[in-house]
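Here are the chains, one letter per residue:
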Amino acid sequence: MNSKGTILIVEDEFIVANDLRLMLQKAGYLICGIAASVVQARALIEKHHPDWVLLDIILKGDHTGIDLGKELMVKKIPFLYISANTNHRTLEAAKQTQPYGFLVKPFREKDLFVMLDIARYKHQTENVRLQREAAVKADANYLDNIIGTSPRTKELTEQIKIVAPSDTSVLISGESGTGKELVAQCIHKLSTRANRPMVVVNCAALPLSLIETELFGHEKGAFTGATQKRTGRFEQADKGTIFLDEIGEMPPDAQVKLLRVLQEKEIERVGGESPVKVDVRIIAATNRHLEKEVAEGRFRLDLYYRLSIFPLELPPLRSRKEDIHALAYHFLRKYAQKNNLPVETISEHAMQTLMTYDWPGNIRELEHVIERHVLLSTGNAIDVIDMPSALMRETETFQSGKMKTMEEVEREHIINALKAGKGKVSGPGGAAELLGMPAQTLYSRMKKLGIKQTFKG
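A brief look at the structure comes next. Just so you know, these numbers come straight off a predicted model, no measurement behind them.

**What to know about the pairing of strand β1 (residues 6–10)**
Then comes step 1: Counting buried residues in β1 gives five out of five residues, a clear majority hidden from the surface.
Then comes step 2: Of the two faces of β1, both are covered, the one formed by T6, L8 and V10 as well as the one formed by I7 and I9.
Then comes step 3: Here β1 pairs with strand β2 (residues 30–35) via five bridges, running parallel. Within β2, the residue paired with T6 across the bridge is L30.
Then comes step 4: At this point the chain moves from β1, through helix α1 (residues 14–26), to the parallel β2, and the crossover so formed is right-handed.
Then comes step 5: Pairing geometry for β1 and strand β3 (residues 52–55), over four bridges, is parallel. Bridging across to β3, L8 finds its partner in V53.

Structure, rendered in structure tokens:
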């Protein structure tokens, strides 16, 4: 299709229509047809979907150009009138159909192109305005899924608005159940790639032997059992977004290949002879502390820097308890409607139980609790929330200040490992091996926590 677009000419005088066709083709437009009546024009519009329509008012048949103009306005196809009729009533009727211009016959070639240029500019400006309005509406729609009004939640939604329109890589960190995939979906839906796919990959669920072929695909015959070509997740996400969940679980070999994708914007299928270009935005998520993983040699520093250009840290629910009320009612409405149940409210006593619990499973755990109690409710209210007693005791211990700090827990765990290893830090059967960490890292932790190697075998 020509870059200036296609035009349908609706004109019942053949000489005028043909002159218009020659002028427009000379200027670089593509003419998709000439119609002498509204009936003919409708058929051509249905077949060719023109970018513009040049429309005479007086036409053959029972319908006028103004009748067709009303239809074009509804279909949102831009058009201009060309007519010798300058009657005031006709002009007023034509104006109601919102044309992009009105050219009076006879006209000069120069007048035609000036009018078209103005019309195209007005149309482009209007499209930009409509896109902005749609983006604002999309903001409201998709960000409505981020429930809560706490300062940390408001800060999160503002950060999403900032990063979403760009192609910047985003690293979302947070405990399990804090809503990392929901945030990734919001970023994708508010981006310029919203109409393209978002492909979700759970890195923790990929078998080691299949990671490369899953992510990058393979050619037919690449290995035993490869009976046909397979398109990998990155190619499936081309022009869209790939969401790499649990990125901290990715093994070192796959990390090297992912780094190359980020640097070169291309992938290599297993068994392929040449690289394949891909245009993919990467959003990654982890519930691990990747800085610690880097320090302990389990995650590449260069890949970490590439992924964390724009880091987003999702707060645990216990640090945004002012959002629990809104979240609880959101899930109540969701599951009451889903199960066609009359539950509408949560009693003050039940809400107090929700507010005092520590939510180690975060928003996901709250959702499951509300879903269960909606199903158990016999009236229009959830009167009592029954939490597992062991978990409630842990919460009460935490709130009373009796729970050990993370350093105390870690210190005790290392001492127990040293005892089990009979004082050995490194080597077979040593504490480092038992704890699954490099010996040098364990020595560093012991020094920080003030643990001396006093357990002799």
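**Quick notes on the packing of helix α2 (residues 38–48) against helix α3 (residues 65–75)**
Then comes step 1: Where α2 meets α3, the closest approach of the two axes is 10 Å, and the angle between their N-to-C directions is 20°. Relative to α3, the element α2 is oriented roughly parallel. For the element pair α2 and α3, the recorded crossing hand is right-handed. Contacts between α2 and α3 involve V38, A41, R42 and I45 on the former and, on the latter, L68, E71 and L72.

**Topic: the pattern of salt bridges**
Then comes step 1: Under the defined criterion, the tally for this structure stands at 24 salt bridges.
Then comes step 2: Notably, a salt bridge pairs E175 with R318, separated by 2.5 Å at the nearest N-O pair. Of this pair, E175 sits in the loop between β6 (170–173) and α7 (180–189) while R318 is found in the loop between β12 (310–313) and α13 (324–338), placing the two residues 143 residues apart along the sequence.
Then comes step 3: The exposure class assigned to E175 is partly exposed, which follows from its relative accessible area of 30%.
Then comes step 4: With relative accessibility at 32%, the residue R318 sits in the partly exposed group.
Then comes step 5: Of the charged contacts in the structure, one is a salt bridge between D302 and R300, with a shortest N-O distance of 2.8 Å.
Then comes step 6: Taking the relative accessible area as the measure of exposure, D302 reaches 31% and is therefore partly exposed.
Then comes step 7: R300 sits in the partly exposed class, given a relative accessible area of 31%.
Then comes step 8: In this structure, a network of salt bridges that share partners links the residues E249, R288, E293, E296 and R298.

Definitions and cut-offs
Residues numbered from 1 in each chain as written. Predicted model: local features only at pLDDT ≥ 70, side-chain atom pairs only at ≥ 80, totals over all residues. Heavy atoms only, no water. Buried < 20%, exposed > 50% of the residue type's maximum accessible area, 1.4 Å probe, protein only. Helix = DSSP H or I, 4+ residues; strand = E, 2+ residues; numbered from the N terminus. Pairing = 2+ DSSP bridges. Right-handed = clockwise from strand over helix to strand, strands pointing away. Axes fitted to C-alpha atoms, helices over the stretch in contact; angles between N-to-C directions. Parallel < 35°, antiparallel > 145°, perpendicular 65-115°, else oblique. Left-handed = near helix turned anticlockwise from the far one by under 90°. Contact = heavy atoms within 4.5 Å. Salt bridge = Lys/Arg side-chain N within 4 Å of Asp/Glu carboxyl O.

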